[in-house]
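Secondary and tertiary structure notes
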Amino acid sequence: MRRMIIAGNWKLFGTIAETENLCKGLLNGKSRSERAEVLVCPPYTALAAASSLLADSHIAVGGQDMSEYEGGAYTGEISAEMLLTVGATFVILGHSERRQYHAETDQLVNAKAVRALASGLTPIICVGETLEERESGRTEDVVGAQIAGTLKDLSAEDLKKTVVAYEPVWAIGTGKTATPEMAEAVHRFIRERLVALDNEAAEMLPILYGGSVKPNNAAGLLSQPNIDGALVGGASLKADDFIAIINAA
Ligand code: 13P
């Protein structure tokens, strides 16, 4: 059986105090799942606080991005090593907001993925089409190119340590979710592309869905055969909502 992961992407939300409150809310609630691993990705400045509260719990911690470089004169950047030292085990890479507002390309995301894997972090590589791309019938072209570009030259062993998140851009923060059938169709397409890279890795690699996942739509999405978890934005900022999504898994 493939791993299932429910991950919270907190984006630009969470002071240290807010992070501590949210982590305590998760620890005090029924946030443990028999089936799914649970992960939260606070902003960099709150990672250490989250890690120390969640140490020895069932909840892992991840970064929202990282540099492709090990170190150097790169103002504002964070390295894989730095994430590891504050207890992160995962890192989100190539989120559509990084692509849109920070001009990240598949090539850059690929370089970051290579660095993350070499450092021992699990990359969660995000792909997804815009509304215009979907409406012009280009979803598979766009997602296929993102998969090929971001996973380029990864060994089968590395692919087995990688997670992909399908996040249609039009569904992020809009309250519009892909129906379970729409999402499953793209997840199945991604799985087929992975099979072309390595059969065994394609079977193992979890593909998460992201884009307005809420307590009321999570079960339908997560019951699809190729949807192996969720990358949750807004709803992961409320302990009760995130717990409800974990329980839907
Ligand atoms: P929302 O759940 O707020 O739509 O955000 C999804 C997302 O971007 C997770 O990475």
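One structure accompanies this document, and this report is about it. What you are looking at is a predicted structure, and each value in this text was computed from that prediction instead of being measured.

1. What to know about the overall build of the protein
Within the protein, the secondary structure is distributed over twelve helices and eight strands. Over its C-alpha trace the protein gives a radius of gyration of 17 Å, about what one expects of a compact globule, namely 18 Å for 249 residues. Seen through its C-alpha atoms, the protein measures out along the principal axes to roughly 45 × 45 × 35 Å. Accessible surface computed for the protein: about 11,000 Å², of which carbon and sulfur atoms make up 52%. Averaging the locations of the 22 positively and 32 negatively charged side chains of the protein gives two centres separated by 2 Å.

2. Things to note about the packing of aromatic side chains
Inspection of every chain in the model, using the stated rule, returns two aromatic pairs. Seen from their ring centres, Y69 and Y74 are 4.0 Å apart, and the 10° between their planes marks the pair as stacked. For Y69, a relative accessible area of 34% gives the class partly exposed. Given the relative accessible area of 37%, Y74 is considered partly exposed.

3. Observations regarding the nonpolar core
Inside soluble globular proteins, nonpolar side chains tend to come together where they are buried. Grouped together as the largest cluster of nonpolar side chains are 60 residues, with contacts concentrated most on I190 and Y209. The contacts of I190, once residues within four sequence positions are left out, are V127, V143, I147, V164, Y166 and I207. I124, C126, V163 and L231 belong to the second-largest nonpolar core, a separate cluster that totals twelve residues.

4. Re the environment of V40
Take V40: it is sitting in strand β2 (residues 36-41). Note: C-alpha distance between V40 and V232 (192 residues apart in sequence) is 9.4 Å. Once residues within four sequence positions are removed from consideration, V40 is found in contact with G8, W10, L26, L54, I59, A60, V61, G62 and F242.

5. Digging into the pairing of strand β3 (residues 59-63)
Burial of β3 is extensive: four of the five residues sit out of reach of the surface. Bridge analysis of β2 against β3 gives three bridges, and the strand direction is parallel. Residue pairing for β3: L39 is matched across the bridge by A60. For the segment spanning β2, helix α2 (residues 44-54) and β3, crossover handedness is right-handed. Note on the crossover from β3 through helix α3 (residues 80-85) to strand β4 (residues 90-93): the handedness is right-handed.

6. So, the sheet that holds strand β5 (residues 122-127)
If you walk around this closed barrel you meet the eight strands as β1-β2-β3-β4-β5-β6-β7-β8, and the pairing is parallel. In this sheet, neighbouring strand axes are inclined to one another by 30° on average, regardless of whether the strands run parallel or antiparallel. Examined bridge by bridge, strand β1 (residues 4-9) and strand β8 (residues 229-232) share four bridges and lie parallel to one another. When the sheet's bridge partners are listed, A7 is paired in β8 with L231. Sitting on the sheet, helix α7 (residues 139-150) touches β5 and β6 (163-166), and the angle it makes with β5 is about 155°. Docked against the sheet, helix α9 (residues 180-197) engages β5, β6 and β7 (207-210), running at close to 150° with respect to β7.

7. What to know about helix α1 (residues 16-28)
Owing to its 3.6 residues per turn, the α-helix aligns residues three or four sequence positions apart on the same side. The first and last C-alpha atoms of α1 sit 18 Å apart over 13 residues, in line with the 18 Å expected at 1.5 Å per residue. Within α1, burial applies to T19, L22, C23 and L26. Down the axis of α1, the buried set is contained in an arc of 100°. They therefore lie on one face. Turned more than 90 degrees away from the buried face of α1 sit N21 and N28, all of them exposed.

8. Brief notes about unusual backbone geometry
A positive phi angle, near 55°, is found at K11, a position not held by glycine. Secondary-structure assignment places K11 in the loop between β1 and α1. Judged by its relative accessible area of 21%, K11 is partly exposed. A positive phi is found at D153, a non-glycine position, where the angle reads about 65°. Mapped onto the secondary structure, D153 falls in the loop between α7 and α8 (156-159). You can call D153 exposed: its relative accessible area is 69%.

Rules behind the numbers
Residues numbered from 1 in each chain as written. Predicted model: local features only at pLDDT ≥ 70, side-chain atom pairs only at ≥ 80, totals over all residues. Heavy atoms only, no water. Helix = DSSP H or I, 4+ residues; strand = E, 2+ residues; numbered from the N terminus. Rg over C-alpha atoms; globule rule 2.2 N^0.38 Å. Areas by Shrake-Rupley, 256 points an atom, 1.4 Å probe, with all protein chains shown as cover. Lys, Arg positive; Asp, Glu negative; His and termini not counted. Charge placed at Lys NZ, Arg CZ, Asp CG, Glu CD. Phe/Tyr/Trp six-rings, centres within 6.5 Å; stacked < 30°, edge-to-face > 60°. Buried < 20%, exposed > 50% of the residue type's maximum accessible area, 1.4 Å probe, protein only. Core = buried A, V, L, I, M, F, W, Y, C linked by side-chain atoms within 4.5 Å. Contact = heavy atoms within 4.5 Å. Pairing = 2+ DSSP bridges. Right-handed = clockwise from strand over helix to strand, strands pointing away. Axes fitted to C-alpha atoms, helices over the stretch in contact; angles between N-to-C directions. Expected span 1.5 Å × (residues − 1). Arc of directions from axis to C-beta.

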